[in-house]
Amino acid sequence: MAELVVGGAQMGPVQRADSRAIVVARMIALLERAAAAGVEMLIYPELALTTFFPRWYMADPVEADAFFEREMPNAATAPLFARARELRIAISFGYAELTPEGRRFNTAILTDRAGRIVGKYRKIHLPGHSEYDPERSHQHLEKRYFEPGDLGFPVWRNAGVVMGMAICNDRRWPETYRCLGLQGVELVVIGYNTPSVNSLKGSEGLERRMFHSDLSLQAGAYQNATYVVGVAKAGIEDGHRLMGGSIIVDPDGVVLARAETEDDELIAAPCDFAACAFGKSTIFDFARHRRPEHYGRITAQTGATVEV
Ligand code: ING
């Protein structure tokens, strides 16, 4: 079984005015720190190249295109791919994808240790809303700027490990992890940008938000006997605070490493993927214990219906 030193490259804030060059330089600095720590797989946040622009209402969604990438790698990110290749570190990071057909997705890619893209995922669970909401202290317009992902929840064998990706809100939905778990996933990598406070009144505070993020990531890991890495873009972006809380979780649901700041910060842990085997062959041996003949509601229904 494979072993990898896995790293989380938590990033501090990216301001709306920050250029791709400034951001990529920070990502490369994190890559250098990861190499010095012996990291072999490094995960960056959701929308790593730009500020979390869905907080801004733009009447003409085309105005948002400045935040999108038309190809990957591209001129701005080529130095990152090149340095990752030189250091033989596989990477994953999120960005806003504008396809040649004009479709827009909240996307993440995965490379091998030679810097080649081996996987792409498009965020399926888009939170928030699509029209301006005056009730909110800040907007969360992911449903305005992105389509739901159309690639499903694939896995790839990379560096000898069965890996899957998810993005931010996906981590809150057990279906995400189970779709990957049913493919034998051993490492789920999840970048996120999570506001520290909800935009609606009466929202839970930062402490409760951190608890929910940990709970979601740890449950997903334990219930599918897989490593899970959640990596934040954090800090105050143009006055709007994003939470940190990046963690690496083992297949038993135990947190192996945790970020302590809301800045660029590296976390890392040696991961022995043989540790996935115990859960997958005992309590979460899906073939022996699952009863899908009783699970029909999970795909037959979207919302809950109360009939009693
Ligand atoms: N952000 C948030 C997330 O799921 C959110 C949105 C926060 C939803 C808290 C519900 C509660 O972490 C993104 N980008 O999905």
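Heads up: these notes are all about the structure in this document. (Residues numbered from 1 in each chain as written. Predicted model: local features only at pLDDT ≥ 70, side-chain atom pairs only at ≥ 80, totals over all residues. Heavy atoms only, no water.)

Moving on, we get to the overall build of the protein chain. Broken down by element type, the protein chain carries eight helices and 15 strands. Overall, the protein chain is about 60 × 50 × 40 Å in size when its C-alpha atoms are taken along their principal axes. Counting all 308 residues of the protein chain, 52% fall into the buried class. Here the analysis covers contacts within the protein chain between residues at least 6 apart in sequence; of these, 69% occur between residues at least 24 apart. Of the roughly 13,300 Å² that the protein chain leaves accessible, carbon and sulfur atoms contribute 55%. (Helix = DSSP H or I, 4+ residues; strand = E, 2+ residues; numbered from the N terminus. Buried < 20%, exposed > 50% of the residue type's maximum accessible area, 1.4 Å probe, protein only. Contact = heavy atoms within 4.5 Å. Areas by Shrake-Rupley, 256 points an atom, 1.4 Å probe, with all protein chains shown as cover.)

Quick look at the packing of aromatic side chains now. Summed over the entire model, instances satisfying the criterion amount to eleven aromatic pairs. Where Phe 81 meets Phe 93, the ring centres are 5.9 Å apart and the plane angle is 75°; that geometry is what we call edge-to-face. Of the two residues, Phe 81 is situated in helix H2 (residues 78-87) and Phe 93 in strand E4 (residues 90-98); the sequence distance between them amounts to twelve residues. Look at Tyr 121 and Phe 153: their rings are 5.8 Å apart centre to centre, the planes differ by 20°, and that puts the pair in the stacked class. Residue Tyr 121 is located in strand E6 (residues 117-122), and its partner Phe 153 is located in the loop between helix H3 (142-145) and strand E7 (155-158); the two are separated by 32 residues in the primary sequence. Note on Tyr 121: relative accessible area 0%, which makes it buried. Phe 153 sits in the buried class, given a relative accessible area of 14%. One aromatic cluster is present, formed by Phe 53, Phe 67, Phe 68, Tyr 145 and Phe 146 through successive ring pairs. Stacked on the ring of Phe 286, the Lys or Arg Arg 290 has its end atom at 5.9 Å from the ring centre. (Phe/Tyr/Trp six-rings, centres within 6.5 Å; stacked < 30°, edge-to-face > 60°. Lys NZ or Arg CZ within 6 Å of the ring centre and 35° of its normal.)

This next bit is on unusual backbone geometry. Each neighbour pair has its own omega, and for Met 72 with Pro 73 the value is 0°, a cis peptide bond. Within the fold, Pro 73 resides in the loop between strand E3 (68-69) and H2. The phi dihedral of Ala 159 is positive, around 55°, even though this residue is not glycine. Summarising the element assignment, Ala 159 is placed in the loop between E7 and strand E8 (161-167).

By nearness alone, 13 residues border the ligand, and Glu 142, Cys 168, Asn 169, Arg 172 and Thr 194 come closest of all. In the complex, the protein chains occlude 86% of the 370 Å² of accessible area that the ligand would expose alone. (Near = heavy atom within 4 Å.)

Here the focus is the pattern of salt bridges. For the coordinates displayed, the defined rule picks out 24 salt bridges. Between Asp 285 and Arg 288 there is a salt bridge, with the nearest N and O atoms lying 3.8 Å from each other. Under the relative-accessibility criterion, Arg 288 is labelled exposed at 54%. Linking Glu 293 and Arg 291 is a salt bridge whose minimum nitrogen-to-oxygen distance equals 2.9 Å. Judged by its relative accessible area of 44%, Arg 291 falls in the partly exposed class. Where salt bridges share partners, they join Glu 97, Arg 103, Lys 120, Arg 122, Glu 147 and Asp 150 into one cluster. (Salt bridge = Lys/Arg side-chain N within 4 Å of Asp/Glu carboxyl O.)

Among all positions in H2, only Leu 80, Phe 81 and Ala 84 are buried. Down the axis of H2, the buried side of the element spans an arc of 95°, and every buried residue falls inside it. Structurally, H2 contributes buried residues whose contacts are with helix H1 (20-36), E4, strand E5 (104-111) and E6. Among the residues trailing H2, Arg 88 stands out with phi positive, at a value near 55°. (Arc of directions from axis to C-beta.)

A few words on empty space enclosed by the protein. Following the criterion strictly, the structure yields one cavity of 30 Å³ or more and no others. Along the walls of the largest cavity sit 14 residues, with Tyr 44, Ser 92, Ala 108, Ala 166 and Gly 191 positioned nearest its centre. For the lining of the largest cavity, the secondary structure elements donating two or more residues are E4, E8 and strand E9 (187-192). Among the residues making up the lining of the largest cavity, the classes are represented as ten nonpolar, three polar and one charged. (1 Å grid on protein atoms, 1.4 Å probe; cavity = no way out; pocket = protein on both sides within 12 Å on 5 of 7 lines; lining within 4 Å. Points joined across faces, edges and corners; volume = space filled by probe spheres on them. Nonpolar A, V, L, I, M, F, W, Y, C, P; charged D, E, K, R; others polar.)

The next subject is the pairing of E8. Most of E8 is tucked away: seven of the seven residues are buried. The alternating pattern of E8 places Val 161, Met 163, Met 165 and Ile 167 on one face and Val 162, Gly 164 and Ala 166 on the opposite face, and all of these are buried. Note on the crossover from E8 through helix H4 (residues 174-181) to E9: the handedness is right-handed. (Right-handed = clockwise from strand over helix to strand, strands pointing away.)

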